[in-house]
Structures are given as structure tokens and as C-alpha cells.
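Examination of the molecular architecture
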Amino acid sequence: NKFVFNFGRQTDGNATMRELLGGKGANLAEMAAIGLPVPPGFTISTEVCTYFYEHSRSYPKTLSKDVEKAIKLVEDQMGREFGSRDNPLLVSVRSGARDSMPGMMDTILNLGLNDETVQGLSNISGNPRFAWDCYRRFIQMYGDVVMGVQAANDESEEPFHALLDDMKKSLGKELDNELTAEELQELVSRYKLLIKKETGDEFPQDVFQQLWGAIGAVFGSWKNDRAILYRQQYGIPAEWGTAVNIQAMVFGNAGDDSGTGVAFTRDPASGEKVFYGEYLTNAQGEDVVAGVRTPKPISAMAQELPKNFADLEKVRSRLEKHFKDMQDFEFTIENGRLFILQTRNGKRTGLAAIRIAVEMNKEKLIDQKTALLKIPAESVDTLLVPVFDLKAQKVAELICKGLPAGPGAATGRIAFTAAQAEIEARKGNKVILCRSETSPDDLKGMLHSQGILTTRGGVSSHAALVARQLGKVCICGAGDITINYEKKTLTAHGITLKEGDYISINGTTGSVYKGLIESADSEVKRVLEGTMKPEDSYTYQLFQTIMEWSDKHRKLRIRTNADTPAMAQSAVQFGAEGIGLCRTEHMFFEGSRIDDMRQMILAIDGVQRREALKKLLPMQRKDFVGLFRAMGDRPVTIRLLDPPLHEFLPQDDAVRRQLADKLGLPLEFVIDRIKALHEENPMLGCRGCRLGILYPEITEMQAQAIFEAAAEVMGGKNPIKVQPEIMIPLVGFKAELADQLAIVRRIADEVMNKKGVKIKYMVGTMVEVPRAAITADEIAEQAEFFSFGTNDLTQTTLGLSRDDMGMFYDEYQQKEIYSKNPFASLDKTGVGKLMQFAVDNGLRTRKDLKLGICGEHAGDPDSIDFCHKLGLQYVSCSPPRVPIARLAAAQAAL
Ligand code: ADP
Ligand code: MG
Ligand code: MG
């Protein structure tokens, strides 16, 4: 088995061998192979790491021979000798996992120095100060990483640093590089004493002992606390292991014509094609990131080291041409000679990801498909959300942090109730609705608000769901805040704000600020709404480009969940091709309708109920006319009434009294009826199709409104080819569906006869309880389409209420019981299996069964990928997520 891979004059590896060589090793090999100035060295593979942990921290037998051979090869190329007192070779021993884990594992520089070789280094460099600087750095790193001389705890000072600081202080010096050779030599003695005192061992003088100590420590650092935590965070498997890279040292600390730095081939924040990075002269590796001295911007190098800057520019374009992605690379200059020490694909913001992908395609560096695959679909959001003015945010006072639940920036006056939000909004003020938690009653208030802040509930709470649906900025679970509804105050960390005071929330980061922060609509939005010209917004052009590319490649159609013409319109602007879910209940909250709705619910018999429904019919019809007009010839799926009726009834005593007065009913009667409608577990109670079966007149009214609206928009000056798709919710038995279907078809016939038109419509069901999925073959006898309602399907499959998972969710996440929040990303192995079963069996009964998904998951890229593989025809997500879904659907198809 080959365990050691050389790079340099002889190169055994390449960029594709990340699994074996780690990212750093693979790219060092690749750079060496294409002739970039990489100091020679070799990589010990990740297989040795696995062996190391499986054999109580020992190595394969052949390894020491292989390492000696590889060292010889490096010696030849450098013209130096490892451990030689005259002409010593020094090496670095560097960690490097398959995916970069920046700074999590250990690296040791200047290895090979001892009391003799330090003299040799001093002689050949003619620079004793430099030699002793390298030695003290080496002892410091080795003492820390290999011999374990470390700070006792997080608060106490790192012991080597303490000695260095003492020394500087007693000499009245400020910077490390002001110490003379003699002073550094003295420091080395003190370091060695410290090691002896702390460990009882001498600092090793044998260079091969040093080398194996370092190799063991780097492999060992794969399992240090930091690395483990990082792996958990980013889902990196513990089995991967790290490689160890051993590389000839080059010296950025050899004088003022030397230096070290980190550079990005493009700006990782904005994506702009400018050289980006920083460097330090007369410094070694870690100094740049460690903040010992403040580095200079890379542009300053053009003056300070013009020849090296020109070389670096060449490397920059070479790296991009070769790796075909934005690179983040490390370099060192030794006495005017440039060396490259590492390169990797640079981490970047969402905006930068998009800009870089589009521009690299324009530059013919990558093709369209590659470009699309390089953009995390979520990053499209960064082009769409309103933003805070950055300068203003910086000076604003931070109150606390909550869960970022709806991205973007919002600022406005505090309102503690939905009613107050409406009052403020009507005055033309911007409002942030601040609640302990929200209920469906608050919807109207949310509509009137710029943003929503809650102190309880998670990112999948009602508030967050509705906020995302509406594209509102939202922060949930800001637990440090206490709201006092009586006093109308909000308090956190000694700051108290009153109703009407300004507050600002950044839903992208979860930060809550005191006062007003200026914000602006996204440019994309302004162009789509016609208040900005497309040619004036580069952001819009980027957006447009990736959307066009996405549409070319995707197979899935993208619909939207929208309840109002305005929502539908904005979704169409974003590219929605239909409505996949119109929740009719939301329509009943508007204006004074809620009272008519309440009258209908409080009715004691069918006769009274029909009376009340008569008043609701024209309003519903008008809603659907508006919706159909907004959607034009695109299909519209309308779900019949779904929520338990008590959700429409007032909780507040005063409102109950008003309602009783308005309807001319005794207050006790109203209270009794509300009591009678109470359910222990409304989520599993009288809701969905059960409502329509119990009160067929509700289904009749809704069907009549839909078909009459359809008939209306089919005629007139601008006729529309409507395609209503009527969806029966919460079906588990085919008989349930048959019951409702009969009503819908009867009403359809009546309306078509009366109006003398033929309306092309479909009737189908939402698959949202396991029984529907399990009996999909039977359900498909009745249903012309299935739409997976994965919110409820997840709740019912997991036996878990999404509003009540707060208590254990953190614990579950920490123990990795749920790999992801099952309400945010589809539980493919559980819920997904049910979906697969329903698709297979549904199609067996009905070959042309139309299949889609309308749960929140329809906006999640990972879930979209799954839906593509399932063979669904469309996904239906909230309007602001439509662009993300377009890109994600393309990526699924590539
Ligand atoms: P990390 O993965 O934490 O960045 P590295 O292995 O890249 O650790 O090394 C840390 C620092 O040491 C980097 O700045 C790197 O450029 C520098 N370095 C590593 N090897 C050498 C070398 N052979 N010569 C000079 N500097 C080196
Ligand atoms: Mg590095
Ligand atoms: Mg449902």
C-alpha cells in the first residue's frame, strides 16, 4: 500500500485525490504539477490516520522507511540536509482534511531546529536574529501542540506568550520583531525551561524524534475538541481523517524583502473581480491571522514589493484558469522569491457566489451548468431581501439576538397587538409587530407590519411560516426580551422600549436593534415593480441571468402558495407558473368578513348557516375573480376550508361582547357556542374535509364561488382560460373524498348549466395523512391530482406538533436524532418513503395522475431535489422562495 505521496520535482498526486491526500495535499500536488512555485514536500495519506486510530495510535510498519525516503527527495531538491549542523533543512508539518477545516487542527512550522542546527541556519542566512526567531517560534508551537504546554483554561494566558510578553515589557519593546538575536536566544532558554518544568521532559534535540512527534500530534488533532465540534457543525464524518503534509520551509521572516499573506482571486464578499487579501512583511504564516500585527491590504504590495506583486497577479489568474473557481490561497516571499503554500475554493457570500458564477461563465471559464451548480440555491435570497444601510446598522444599539426566521431588514414602530399594528399602518407608519407568540388572529397585523418579532417559538413556528410566506422579515424566539402587554413595554438587558418607539430587526442575522435604521428595497424588487430600470441594476441582471439559465434546465414546474391577488402577482413577477395552494380560510380574516364568518360558525342549524353563507358567497367569488385575473391562463389550486372553526372565533372578552351585540345574540349564547366548539387537540379534530362533510353547505358555497368566478373571467373583453383545481384537504378515506367530490361536481354542473359555459376543472386531494398515502391506489380512483401537504404529513407521520417541538428540539439536534429540522427539510427516509409509496400506487390506478407538493418543504432546495427524483410535476412554495425553487429545480435536473 502506498502511504506517502511526493510533490515537487516528482509529484504523485493531483487535485482529484482529496479523499486520500486531503484538500491541502491534493491541491499542493496539483499546483506543483502545473509548475507553480510550491516548496517541495510529501503527504502522508488519510488512510494512515484511519490506521493510527484503529491501532492504538501506531503506524503501518513500512511508513518510517517511506518517510525517510521522501525526506531524502526533499533534501535533494532543496540542497539541504535534515538535521545537518551546517546546512539544515527545515520543514512544516501540516494538517489537511478532505474538506478544509480552517484553523481547527494543528500545524507546526520550522521543524528540524535544535541547539546546533540553529547555528547552521544563522550561518547560511547570515542572519542570526532570523534563525533565533525561527527557533523560538518552533519551540513555542512544538511545546504547545506536541508536548501539551498550554494555558490552564480559557481565561489564563498562553504560557509561552506570557514569557514573550514579560520579556518585551522588561525591555520596553512593543513588537515581536523588535527583539534582537541575543534576546531571542535568551527567550529560547526560558521556553526550554518552561517545557522542562511543565512536562518533566527536555525539548527534543533529535530531528526525527521531532518529526514523529509532530506527525502524531497532527493525526491526534483530528480528534481535538475544536475539530469534533466543527465536524458536527458541518456534517463532516469522523471516519474521513486528516492527511499530514510535510513540506520544506520557506521563510517570510527572513528580512524586509520577505513576507507572507493570504489572497482571494476575487472579492469573497461582493464577488467583484478584484484582487483581495492582505499580507505582512518580515513575518511567518500564522502572524497574518493571529492579529499580532495588523496586515496591509494586498494592493499596497504594488508599491512595496512591485516585482512580487506582478508575480502574484500571474499566479492569481493561473489559479483561476486552472481550478475554475474563486481561490483562497496562501503565499510566502523569501528574500524576493514567491512561493505558494496552499489553495482552495474560497468561501463566499450568497451575492458573491452568484456574481462569480455568472462572470466566470461570461469569461468562458465555466459553462452554464457548472455555473448553476456553483450557486447554493438559498443565496438567491440575498438578492431579494430589503437591506439595512450598512453604516447605519454599525452604529445602532444591539438589544439582543433571536432566531433568524425571515431574512431581510425591517425597521418600524413597536406594536404589541395586531390591532395596534393596523392603526399605525393606516397612519402611514412602518410597524414591527412584537408578540410573545403569534396566532392566526395576528395575520392581519402581520400583513400590516414590516417585520415580526416574537420572544417564543422557533424558526418553524406559525409566525415564521407566515412571515416567510408573506416575505416578511422575522425574528423568533428572542428569549432575552420580556414583553409586558399591560404596560406596553418590551425589555431586554436593561433597555426598555415602549409602544410606538422605533425598533429594527435584521432577520438574516437575528439581531434586534434599538431605534430606526434606514433600509431599502432590493434592487431586483424595484426593477420587477418597474421603479428602477433593468440596465441600472447589475444585481437585477445577475438575478435575471441565473433565472433564465435555471428555466432552461429544470424539469419541475414552480408554483406558489398564494391567497390574495397581490401575493399571486408578486409570485408571477418572480416566475411562478401557477398557484399550487390557495388557503381559502385566509380570505375570511379580511375587513368585516370575519364577522360574517363568525355568524356562519355560530349558526345553530343549516338554515341559519346558509343565511350567513349567502353573505360570504359574493366575497369569495370576488376573491377568486381577482386571483384568476392575477394568474391569467395559469392553473390555480384552491383548497377548501381547512382549519378548525374555533380559530375564527374571538378569544378576547370585549371582542366577544361586540360580536354578540352586532349579531343580536345573547353574550352567554356566544360563549356557550365557543365552548362547545372547543377541542382538546384541534390539529386532529374537526377540520379539513371533516368540516365539509359535517356542513356540506360550506363546500357548496365555496364550489359555487369558484365556478361562478371562473365563468365570469372566461367571458368579457379579456377572457382567461382558467384552470381551477379544487383540492379537498385532510382526506384519509376514499369515501371522504367521494362525499365532497359529489358536491363539487353537482355545483359545477349547476353553474355551467346556468351560465351556459364549459369549465375545465379538476378535483383532487391533498395527501397529508399517512392513510391517504397508504391507500393511494384507492384515493386515486377519485382524485385527479395529489398534492403532498408535507407540513401536516410530517406532523402526522412523526406524531409531532410543529408548534410544540420547542421543548426538546435543541436536545434532539445536539444528539443528532433529527439531522435537520423535519419541518424545514423533508424527512426523506420517513415521510419521503410514504410519498414514494403514494406516487407509485397512485400512478398504478391513474396513469395521468397529476402530482405536486405544496408544503413549506417545496421551497427547500434539498427537498426540491427529492421531489424531482420522485417525479413530481411541480413544487409550490411561498412567493419569495419562487426564484430559489427555480434554481434548485435546475440543479436537481443537472
Ligand atoms: P491551516 O490549515 O490552519 O491554515 P497551514 O498548514 O496552512 O494551517 O499552515 C499555517 C500557516 O503556516 C499558513 O500561513 C501557511 O502558509 C504557513 N506555512 C505552512 N507550511 C509552510 C512552509 N513550508 N513554509 C512557510 N510557511 C508555511
Ligand atoms: Mg492554511
Ligand atoms: Mg394541511
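Per chain, the residues get numbers from 1 upward, laid out in the order the sequence is written. Chains carry letters from A onward and ligands carry numbers from 1 onward, assigned in written order. Only residues with pLDDT of 70 or above have their local features reported here, since the model is predicted, and side-chain atom pairs are shown and tallied only from 80 upward, although totals for entire chains, interfaces and linings are computed over all residues.

As for the site of ligand 1
Here is the rule we go by: Residues are counted as near a molecule or strand when the C-beta atom, derived from backbone positions, lies within 6 Å of that molecule or strand. Here a strand is any run of E in DSSP of at least two residues, a helix any run of H or I of at least four, and the numbering for each starts at the N terminus. These domain boundaries are the output of an automatic or database domain assignment.
Taken together, 16 residues form the shell around ligand 1, and within it Ser92, Arg94, Thr107, Gly285 and Glu330 come nearest. Elements with a minimum of two residues in the shell around ligand 1: strand E5 (91-97), strand E6 (107-111), strand E7 (242-248), strand E11 (327-334) and strand E12 (337-345). Each of domain 1 (4-248) and domain 2 (259-345) accounts for three or more of the residues forming the shell around ligand 1.

Describing helix H2 (residues 46-54)
Stated precisely, the cut-off is as follows: Any residue surrounded by 20 or more other C-beta atoms within 10 Å of its C-beta is treated as buried, while 12 or fewer makes it exposed and the intermediate range makes it partly exposed; C-beta atoms here are placed from the backbone. Directions are taken from the helix axis to each C-beta atom, and the arc is the one they span. For the purpose of contact definition, each residue receives a C-beta atom placed from its backbone, and two residues are in contact when these atoms lie within 7 Å.
Taken as a whole, H2 has its buried residues at Thr46, Val48, Cys49 and Phe52. Axial view of H2: buried residues confined to an arc of 150 degrees, hence all on one face. For H2, the secondary structure elements touched by its buried residues are helix H1 (18-33), strand E2 (41-44), helix H3 (63-78), helix H8 (207-221) and E7. Serine 56 sits one or two positions beyond H2 and adopts a positive phi of about 35 degrees.

Things to note about the UniProt feature "active site" (unreviewed entry) in the protein chain
Put simply, the rule reads: UniProt positions are given in the numbering used here, feature names are shortened, and annotations may be inferred rather than shown by experiment.
In the UniProt entry, the feature "active site" (unreviewed entry) is given for His462 and Cys854. Positionally, cysteine 854 belongs in the loop between strand E32 (850-853) and helix H35 (861-870). Judged by C-beta crowding, with 28 C-beta atoms within 10 Å, cysteine 854 ranks as buried. Residues in contact with cysteine 854, not counting those within four places in the same chain, are Asn561, Gly580, Leu581, Ser787, Gly789 and Ser876.

Topic: the domain arrangement of the protein chain
For the protein chain, the assigned domains read domain 1 (4-248), domain 2 (259-345), domain 3 (386-521) and domain 4 (554-644 + 679-893). Relative to domain 3, the C-alpha centre of domain 1 lies at a distance of 50 Å.

Observations concerning the UniProt feature "binding site: Mg(2+)" (unreviewed entry) in the protein chain
Under the feature "binding site: Mg(2+)" (unreviewed entry), the UniProt entry names Glu768 and Asp792. Taken along the chain, the residues just named run across 25 residues; in space they keep tight, none of their C-alpha pairs more than 5.3 Å apart. With respect to the helices and strands, glutamate 768 occurs in the loop between strand E30 (762-767) and helix H30 (770-774). What glutamate 768 contacts, discounting residues up to four positions off in sequence, is Pro729, Leu730, Gly789, Asp792, Leu793 and Thr796. As for its placement among the helices and strands, aspartate 792 is situated in helix H32 (residues 790-798).

Looking at the pairing of strand E27 (residues 579-583)
Heads up, the condition is: Between any two strands, at least two bridges found by DSSP are needed for them to pair.
Most of E27 is tucked away, with 4 of its 5 residues classed as buried. Bridging between strand E26 (residues 557-561) and E27 involves 2 bridges; their strand directions are parallel. Following the sheet pairing, threonine 560 is matched in E27 by isoleucine 579. As defined by bridge partners, E27 adjoins strand E28 (residues 635-639) across 3 bridges and the pair is classed as parallel. Residue pairing in the sheet places cysteine 582 in a bridge with isoleucine 638 of E28.

Structural notes on unusual backbone geometry
Notably, asparagine 282 is not glycine yet its phi reads approximately 45 degrees, a positive angle. Looking at the element boundaries, asparagine 282 is found in the loop between strand E9 (276-281) and helix H10 (286-290). You will see that histidine 493, though not glycine, has its phi angle at about 45 degrees, which is positive. Positionally, histidine 493 belongs in the loop between strand E21 (489-492) and strand E22 (495-498). Judged by the 10 C-beta atoms lying within 10 Å of it, histidine 493 falls in the exposed class.

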